[in-house]
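If you want the building blocks of each chain, they are given just below.
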Amino acid sequence: MIIRALCVVTILACSAALLAQEGTETAPEKNDSAEAAKEPQEKEGPFVELTFEEAKTKAAKEEKIVLIDFFTTWCGPCKRMDKETWPDAELTKWLNETAICLQLDAEIETELAKQYAVSAYPTVVLAKADGELIDRVVGARSPEDLRKAIERSLSGDTSVKRAKASIEELRKTIKDNPDDVLARLQLAQRLAGQQDFAGAFEQCQWLNEHVSRDSAREYYSYLRLLAALSRSHEAAGKLVHKIRDESAERAFAEGGTDSDFSIAVFIDKELKDTEHALSLFDKAKEHNREWAKMIAPRIRQLLLVARRFEDARLSIKAETTVEEVKDLIKLFNDEREDPAGIFHGMSEKELDFEKDLLSEMMDEVFVIAVGCKEEENSKEILKLIAD
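Residues numbered from 1 in each chain as written. Predicted model: local features only at pLDDT ≥ 70, side-chain atom pairs only at ≥ 80, totals over all residues. Heavy atoms only, no water.

Chemist: Explain the confidence of the model for the protein chain to me, using residue names and the numbers behind them.
Modeler: Considering every residue of the protein chain, the mean pLDDT works out to 86; 88% of them sit at 70 or more. Highest mean pLDDT in the protein chain belongs to strand β3 (residues 65-71) (97); lowest belongs to helix α2 (residues 34-38) (37). Across residues 1-42, confidence stays below pLDDT 50; counting only partners more than four residues off in sequence or on other chains, it has 46 contacts. (pLDDT = per-residue confidence, 0-100. Helix = DSSP H or I, 4+ residues; strand = E, 2+ residues; numbered from the N terminus. Contact = heavy atoms within 4.5 Å.)

Structure representation (structure tokens):
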């Protein structure tokens with residue numbers, strides 16, 4: 001998926017070309033000092049540049065724990081924590097006294113993420129100096145809430161213990177009501193979180209036979225879980241690919257529906273199978289262009305990464321890219337001013353996050369305009385983004 005940084009880099013590069021600004025910046029000189037290499041490089045907030053093994057050694061020496069913030073480049077809540085949580089001075093001071101902190105991309109450090117059963121982002125892993133898991137804190141937190149969650153874990157009241165208790169409760173619920181789809185789904189999620197992949201897949205097999213596609217929320221939650229499980233369980237991988245391939249085959253057969261097509265593309269996105277998702281999009285353009293228009297907004301970032309700007313333009317609902325940006329701004333302002341709008345009751349931090357999402361969508365439209373060589377529209381959009 002295209003990340004915010006990619007959009008920003010593209011904007012800076014394209015802005016320079018559009019506005020014919022001059023000037024260059026050279027990279028800083030490389031520091032070859034052996035003495036400097038001995039000290040871990042500090043990042044913003046509590047993080048240091050060490051390998052996991054080095055962090056464990058340092059933690060053992062200093063009688064601390066190891067904290068790992070697992071993120072991905074496309075994760076919105078991760079970006080919010082980078083902006084609002086990790087730079088907090090009080091939190092940083094406390095964490096530096098408590099832990100050796102690492103910040104790792106889960107899609108690069110895949111084996112370590114798998115070792116600690118990281119399947120959602122952000123996930124903060126707390127481990128002893130020997131690597132033994134203490135707990136996981138999942139989801140974006142404010143500085144205050146993160147500290148409370150970590151203190152709770154270090155006191156022995158861990159999410160792992162709570163998950164085990166929850167698993168027992170769900171098993172009792174299912175024993176009393178074997179057809180409870182939601183309980184089965186929750187049990188599968190809890191088991192996967194505890195790395196009981198076989199147990200989770202057993203529930204997925206039941207769900208595959210009983211969850212209705214008409215119950216969209218439950219069905220798509222099941223597909224998301226199955227795709228995540230496929231990274232650690234071979235049979236889950238075979239099943240989710242089977243569902244995808246059969247859905248795609250039905251979609252393009254006589255009488256096929258956009259529902260089957262949507263399911264196939266959704267699974268591709270969850271599997272991060274960009275090549276297959278784009279091949280389905282290309283087939284849809286030939287088979288039913290309305291399907292391509294329907295799916296384009298969902299895979300717009302994939303299209304932009306592939307530099308398929310004309311195809312990405314199918315995701316634009318307005319007549320022009322400029323009107324699309326104006327409509328996004330208007331929708332945001334209308335909702336913010338409406339007492340019954342979706343932003344009603346949001347905190348300032350939550351509203352700031354929504355603003356970031358708006359900015360990201362406008363950035364994408366700008367990249368489309370530039371890629372489609374809409375020079376005048378690009379300039380106007382750039383002004384709207386700047387304002």
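Chemist: Account for the packing of helix α10 (residues 197-210) against helix α11 (residues 216-229), naming residues and giving values.
Modeler: The N-to-C vectors of α10 and α11 enclose an angle of 145 degrees; their axes lie 11 Å apart at closest approach. Crossing angle aside, the handedness with which α10 passes α11 is left-handed. On α11, the residues touching Phe197, Ala200, Phe201, Cys204, Leu207 and Asn208 of α10 are Tyr222, Leu225, Leu226 and Leu229. (Axes fitted to C-alpha atoms, helices over the stretch in contact; angles between N-to-C directions. Left-handed = near helix turned anticlockwise from the far one by under 90°.)

Chemist: Give a detailed account of the pattern of salt bridges, specifying residues and quantitative values.
Modeler: As enumerated under the stated definition, the model contains 29 salt bridges in all. With a shortest N-O distance of 3.8 Å, lysine 272 and glutamate 107 are connected by a salt bridge. Taken together, the residues span a long stretch of sequence, with lysine 272 in the loop between α13 (258-271) and α14 (274-287) and glutamate 107 in the loop between β4 (99-105) and α6 (110-115) at a distance of 165 residues. Looking at lysine 272, the relative accessible area reads 40%, which means it is partly exposed. One salt bridge connects arginine 300 with glutamate 364, and the closest N-O pair in it is separated by 3.0 Å. With a gap of 64 residues between them, arginine 300 in helix α16 (residues 300-305) and glutamate 364 in helix α19 (residues 348-371) connect regions that are remote in the sequence. (Salt bridge = Lys/Arg side-chain N within 4 Å of Asp/Glu carboxyl O. Buried < 20%, exposed > 50% of the residue type's maximum accessible area, 1.4 Å probe, protein only.)

Chemist: Any chance you could break down the state of the cysteines for me, citing the residues and the numbers?
Modeler: Taken as a whole, this structure holds one disulfide when the rule is applied. Across the disulfide from cysteine 75 sits cysteine 78; the S-S distance is 2.4 Å. Across the disulfide from cysteine 75 to cysteine 78, rotation about the S-S bond amounts to roughly 85 degrees, and the bridge is consequently right-handed. The pair formed by cysteine 75 and cysteine 78 is uniform in burial state, with each residue classed as buried. (Disulfide = S-S within 2.5 Å.)

Chemist: Break down the packing of aromatic side chains for me, citing the residues and quoting the values.
Modeler: Counted according to the given criterion, the structure contains nine aromatic pairs. Aromatic pair tyrosine 219 and tyrosine 220: ring centres 6.1 Å apart, planes at 85 degrees, arrangement edge-to-face. A relative accessible area of 8% places tyrosine 219 in the buried class. According to the relative accessible area criterion, tyrosine 220 is partly exposed, its value standing at 23%. (Phe/Tyr/Trp six-rings, centres within 6.5 Å; stacked < 30°, edge-to-face > 60°.)

Chemist: Provide a residue-level description of the packing of helix α18 (residues 321-337) against helix α20 (residues 375-386), including the pertinent values.
Modeler: Close contact between α18 and α20 brings their axes to 9 Å; oriented N to C, the two are set at 15 degrees. The orientation of α18 with respect to α20, classified from their angle, is roughly parallel. The element α18 and its partner α20 pack so that their crossing is left-handed. Contact with α18, carried on its side by Thr321, Val322, Val325, Lys326 and Ile329, involves Asn377, Glu380, Ile381 and Leu384 of α20 and no other residues of that element. Class assignment of the residues belonging to the contact of α18 with α20 gives a composition of five nonpolar, two polar and two charged. (Parallel < 35°, antiparallel > 145°, perpendicular 65-115°, else oblique. Nonpolar A, V, L, I, M, F, W, Y, C, P; charged D, E, K, R; others polar.)

Chemist: Got a sec to walk through unusual backbone geometry? Specific residues and values, please.
Modeler: Excluding glycine, a negative phi dihedral is what most residues carry, and trans is how most peptide bonds are arranged. Here the bond from tyrosine 121 into proline 122 is cis, since omega is -5 degrees, no more than 30 degrees from zero. In this fold, proline 122 is placed in the loop between α6 and β5 (123-127). In the Ramachandran plot, glutamine 195 falls in the positive-phi region, its phi being about 65 degrees despite a non-glycine side chain. Turning to its location among the elements, glutamine 195 is positioned in the loop between α9 (181-193) and α10.

Chemist: An account of the pairing of β4 is requested, with residue identities and associated values reported.
Modeler: Put simply, side chains in a regular strand alternate between the two faces of the sheet. Where burial is concerned, most of β4 is hidden: seven out of the seven residues are buried. Alternating residues of β4 divide into Ala99, Cys101, Gln103 and Asp105 and Ile100, Leu102 and Leu104, and every residue in both groups is buried. For β3 and β4, the ladder comprises seven bridges, and the chain directions are parallel. Along β4, the bridge assignment pairs phenylalanine 70 with leucine 104. (Pairing = 2+ DSSP bridges.)

Chemist: So what about the side chain of aspartate 268? Which residues, and what values?
Modeler: Relative to the helices and strands, aspartate 268 is located in helix α13. Given a relative accessible area of 1%, aspartate 268 falls into the buried group. Aspartate 268 has contacts with Arg244, Asp273, His276, Ala277 and Leu280, leaving out every residue within four places of it along the chain.

Chemist: I'd love a proper account of the nonpolar core, names of residues and values included.
Modeler: Residues Phe261, Leu280, Phe281, Ile299 and Ile381 are the most contacted members of the largest nonpolar core, which totals 39 residues. Among the elements that line this core, the one with the most residues is α19, at eight residues. Those residues in contact with phenylalanine 261 that sit more than four places away from it in its chain are Ala251, Phe252, Leu280, Ala284, Trp291, Met294 and Ile295. (Core = buried A, V, L, I, M, F, W, Y, C linked by side-chain atoms within 4.5 Å.)

Chemist: I'd like to hear about the pairing of strand β6 (residues 133-138), residue by residue, with values.
Modeler: One ladder, built from five bridges, connects β5 with β6; its direction is antiparallel. Bridging across to β6, valine 124 finds its partner in valine 137. Following β5, the chain reverses through five residues before pairing antiparallel with β6; glycine 131 in that reversal takes a positive phi of roughly 95 degrees.

Chemist: Could you give me a rundown of helix α8 (residues 159-176), with the residues and numbers involved?
Modeler: One turn of an α-helix holds 3.6 residues; hence residues three or four places apart share an orientation. The first and last C-alpha atoms of α8 sit 25 Å apart over 18 residues, in line with the 26 Å expected at 1.5 Å per residue. Residues Val160, Ala163, Ile167, Leu170 and Ile174 constitute the buried set of α8. The buried residues of α8 occupy one face: seen down the axis, they fall within an arc of 70 degrees. Among the exposed residues of α8, those pointing more than 90 degrees away from its buried face are Lys161, Lys175 and Asp176. Tucked into the core, α8 has its buried residues touching β6, α9 and α10. Between the side-chain oxygen of the N-cap and the backbone nitrogen of lysine 161 there are 3.1 Å, and the N-cap of α8 in question is threonine 158. (Expected span 1.5 Å × (residues − 1). Arc of directions from axis to C-beta. Polar contact = N/O pair within 3.5 Å; in protein donor to acceptor, adjacent residues only side chain to side chain.)

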